[in-house]
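So you can see what is in the structure, the chains are spelled out below.
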Amino acid sequence: MDLSSFQLYSITFEVRYDPGFLLYDKAGLFWHALRQAHPTLKLTQVAPAKVVGNIDDQYQVSLELERFAADTFNPLTPTKIESYLGLCGTWLSRATDMLELTLFSRIGLRLIYRKSYSNIGDASKELLALELLKIPTGKHFGIEGQPVGPVYSIRWEDGKLGMQVNLRTQQRKLAVEPPLGERAFERIDKEFFDFDFDLDYYTMVSVAVGQFSAKDWIQQAMRVIRRDSGVFLGG
Amino acid sequence: MSGSNVIPFRFQSGAHQTELSARQTGNLEIAAQTAVVINAAPSREQVSSAESIYPDLEGSSTTALAVALGLLQEADQLLGEAVSAAENDNLIAADDAAQRVEALLPELFCCRSLGDGFGTVILSIYHGLNNLGGQPVSKSQIAVMAEAIRRLRREPLLDYDAALVLASKLERSGMSVDPPSLSIVGELLLD
């Protein structure tokens, strides 16, 4: 198994900082400018200390008192990732100027790679086959069966940069019920069985605004993740 | 509020503290008012060099940032040698090192997409050295150039205002940081 057998499911870029109190005075300027650049912007959450907006149902931007974040979701084509990098760089820079920030206390990039299966047993077997976990065999707790839903999690830190790696299997349910009397569509019930390779790359030191290029940092972090993932996946 | 007992509740959550106050009036009642206490001071050590936060600078050697950081490291080292030579009154060696820094500046200028601050500092040093008209650089000028390059190495995406402060320091050391053509325009305007 290697990373190419997974699909990149979501990317989240997040920057944390000490409270940017100017948010209370200038948040409107940020969202006004973002809507001018992306007329399809829809706000999904609005509170004094946190506003979240979606662009084209492809990107999500969040500006908070102590946090800026941008997300994008499956399907992630190279063109979409390139646009996302531009979005992160441009709008982090706008937020930084607006809030007059000088330091970022934490910068993080989270990538979730996902592989789907027809049942949780197959997903679990695949994770266990990587031999990252030592599982006792035989009957335990009065139950003779196969282990399901394994989770493996570990962190590496060098004092400046850190990385958390999670491998997990999960079962997700989607249920959509039509309103009473609605005949336009049937009730939807779906179950998904996933093997997620979830990576969180982050800084452990405060970084001056003048030291940080979002586009360079994200690209490099993504490259390092692609390069070194074989250690876990056995590829 | 007189006659009522105020009982503080304090919850610790990460770097933030949330403090609730409750009044005891027979039965315990949480007051409607809540005070949020947020630590405003930076809680983490600050990184000293830009290089250390980028996960794979070697693998991205063609990007403006990687090229700039490589050249700035070289310029920083040369200016360090120039400062040492100047302190030992070896002004010829100091000037030689400064000239080698000058040779790096056009390539550094090609990395100006990093920001206006970066371009401003590089151009100021470039014109400052050019406008000396063959005169050797002084000890103080070398020291200020070294400070400017070190700052850029630490903060390559330096903001424009901070870059102007560095340009002013270069000017105060006796360097003219404007392009020569600008003085001709100035004279024409005065005429």
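Further up the page is the structure itself.
First, a word on scope: everything that follows refers to the structure included in this document. (Residues numbered from 1 in each chain as written. Chains lettered and ligands numbered in written order. Predicted model: local features only at pLDDT ≥ 70, side-chain atom pairs only at ≥ 80, totals over all residues. Heavy atoms only, no water.)

**Focus on the overall build of chain B**
Condition: Here a helix means four or more residues in a row that DSSP labels H or I, a strand means two or more in a row labelled E, and each is numbered from the N terminus. For every residue, the accessible area (1.4 Å probe, protein chains only) is compared with the maximum for its type, and the residue is labelled buried under 20%, exposed over 50%, or partly exposed between those bounds. Two residues form a contact once any of their heavy atoms are found within 4.5 Å. Residue burial considers only the protein chains on display, and all accessible areas are found by Shrake-Rupley using a 1.4 Å probe.
The helix and strand inventory of chain B stands at six helices and three strands. Seen in sequence order, chain B has helices and strands lined up from the N terminus as β-β-β-α-α-α-α-α-α. Here chain B, with 191 residues, has 36% of them falling under the buried criterion. Restricting the contact set of chain B to residue pairs at least 6 apart, pairs at least 24 apart contribute 53%. In the structure as shown, chain B presents an accessible area of about 10900 Å², 51% of it carried by carbon and sulfur atoms.

**So, the pattern of salt bridges**
Going by this rule: For salt bridges, the criterion is a side-chain nitrogen of Lys or Arg within 4 Å of an Asp or Glu carboxyl oxygen.
Applying the stated rule across the entire model yields 29 salt bridges over all chains. For the salt bridge of Asp196 of chain A with Arg168 of chain A, the shortest nitrogen-to-oxygen distance reads 3.7 Å. One end of the pair, Asp196 of chain A, is in strand 10 (residues 188–203); the other, Arg168 of chain A, is in strand 9 (residues 161–176), with 28 residues separating them in the sequence. The residue Asp76 of chain B makes a salt bridge to Arg153 of chain B at a minimum N-O spacing of 2.8 Å. Pair noted here: Asp76 of chain B is in helix 1 (residues 64–87) and Arg153 of chain B is in helix 4 (residues 139–154), with a separation of 77 residues, a long-range link. Given the relative accessible area of 14%, Asp76 of chain B is considered buried. If you follow the salt bridges from partner to partner, you end up with Glu14, Arg16, Lys50, Glu64, Arg67, Arg106 and Asp200 of chain A in one network.

**Regarding the sheet that holds strand 10 of chain A**
Residue and element names in this part refer to chain A. The cut-off we apply is this: Two strands pair if DSSP finds at least two bridges between them. Axes, fitted as lines to C-alpha atoms, cover a helix only where it is in contact. Angles between the N-to-C directions of the axes lie from 0 to 180 degrees.
Here nine strands make up an open sheet; going across it, the order is 2-3-4-5-1-7-10-9-8 and the pairing antiparallel. Looking at strand neighbours, the two that pair on one side only are strand 2 (42–47) and strand 8 (151–157), the edges of this open sheet. Neighbour-to-neighbour, the strand axes of this sheet turn through a mean angle of 15°, independent of strand direction. Where strand 9 lies against strand 10, 16 bridges are found, and the strand directions are antiparallel. Each residue of the ladder has a partner; that of Leu174, found in strand 10, is Lys190. Each of strand 1 (7–16), strand 3 (50–55), strand 4 (59–64) and strand 5 (67–73) is contacted by helix 2 (residues 78–99), which is oriented at about 165° to strand 5, the strand it contacts most.

**Some details on the interface of chain A and chain B**
Inclusion rule: For any pair of parts, buried area is found by adding up, for both, the accessible area (1.4 Å probe) each one loses once the two are put together. What qualifies as a polar contact is a pair of N or O atoms within 3.5 Å, subject to a donor-acceptor requirement within protein and to the restriction that residues adjacent in sequence count only when both atoms come from side chains.
Contacts between chain A and chain B engage 27 residues on the former and 28 residues on the latter. Interface area for chain A against chain B, summed over the two sides, is near 2300 Å², with a carbon-plus-sulfur share of 55%. Three residues, Gly210, Gln211 and Gln220 of chain A, lead the burial of chain A against chain B; their summed loss comes to 26% of the area buried on that side. One can count two salt bridges joining chain A with chain B. Close ionic contact of Asp56 of chain B with Arg227 of chain A constitutes a salt bridge, the shortest N to O distance being 3.7 Å. Applying the counting rule to chain A against chain B returns ten residue pairs in polar contact (both at pLDDT 80 or more).

**Observations regarding the nonpolar core**
Inclusion rule: Within this scheme, the nonpolar core is defined by two criteria: the residues are buried Ala, Val, Leu, Ile, Met, Phe, Trp, Tyr or Cys, and they are joined through side-chain atoms within 4.5 Å.
Ranked by internal contacts, the top residues of the largest apolar core, which has 112 residues, are Phe13, Phe68 and Phe212 of chain A. The biggest single contributor to this core is helix 1 of chain B, with twelve residues. With residues near it in sequence (within four places) discarded, Phe212 of chain A still touches Phe13, Leu92, Phe104, Ile107, Val207 and Trp217 of chain A together with Ile53, Tyr54 and Leu157 of chain B.

**Focus: the environment of Leu190 of chain B**
In this fold, Leu190 of chain B is placed in helix 6 (residues 180–190). Placed 67 residues apart in sequence, Leu190 of chain B and Leu123 of chain B show a C-alpha to C-alpha distance of 25 Å.

**Regarding a nonpolar patch on the surface**
All names here are of chain A. The following threshold applies: Patch membership needs two things, relative accessible area over 30% and no salt bridge, and members are linked within 9 Å if like-charged or within 5 Å if nonpolar (Val, Leu, Ile, Met, Phe, Trp, Tyr).
A contiguous nonpolar patch, built from Leu174, Val176, Phe185 and Ile188 and spanning about 280 Å² of accessible area, is present on the exposed surface. Topologically, Val176 is positioned in strand 9. Here Val176 falls in the partly exposed class, since its relative accessible area comes to 31%.

**Let's talk about the pairing of strand 7 (residues 106–117) of chain A**
All names here are of chain A. Along strand 7, ten of the twelve residues are buried, which leaves the element largely enclosed by surrounding structure. Here ten bridges tie strand 7 to strand 10, and the two strands are oriented antiparallel to one another. Across the sheet, the residue bridging to Leu111 is Leu199, located in strand 10.

**Overview of unusual backbone geometry**
Residues and elements named next belong to chain A. Asn74 connects to Pro75 through a cis peptide bond whose omega is 0°. By the secondary structure assignment, Pro75 is in the loop between strand 5 and helix 2. With phi around 55°, Asp57 is a residue other than glycine that occupies positive phi space. Its place among the elements puts Asp57 in the loop between strand 3 and strand 4. By relative accessible area, Asp57 is classed as exposed at 58%.

**Examining the packing of helix 3 (residues 116–130) of chain B against helix 5 (residues 160–172) of chain B**
Residues and elements named next belong to chain B. Under the convention used in this document: When describing relative orientation, an angle under 35 degrees is termed roughly parallel and one over 145 degrees roughly antiparallel, while 65 to 115 degrees is termed roughly perpendicular and anything else oblique. Gly counts as polar in this scheme, as do all residues outside two lists: the nonpolar Ala, Val, Leu, Ile, Met, Phe, Trp, Tyr, Cys and Pro, and the charged Asp, Glu, Lys and Arg.
The interhelical angle for the contact between helix 3 and helix 5, taken along N-to-C directions, is 10°, at an axis separation of 8 Å. As the angle between them shows, helix 3 and helix 5 are arranged roughly parallel. Across from Asp116, Gly117, Thr120, Val121, Ser124 and Ile125 in helix 3, the residues of helix 5 making contact are Tyr160, Ala163, Leu164, Leu166, Ala167 and Leu170. Residues that form the contact of helix 3 with helix 5 fall into these classes: eight nonpolar, three polar and one charged.

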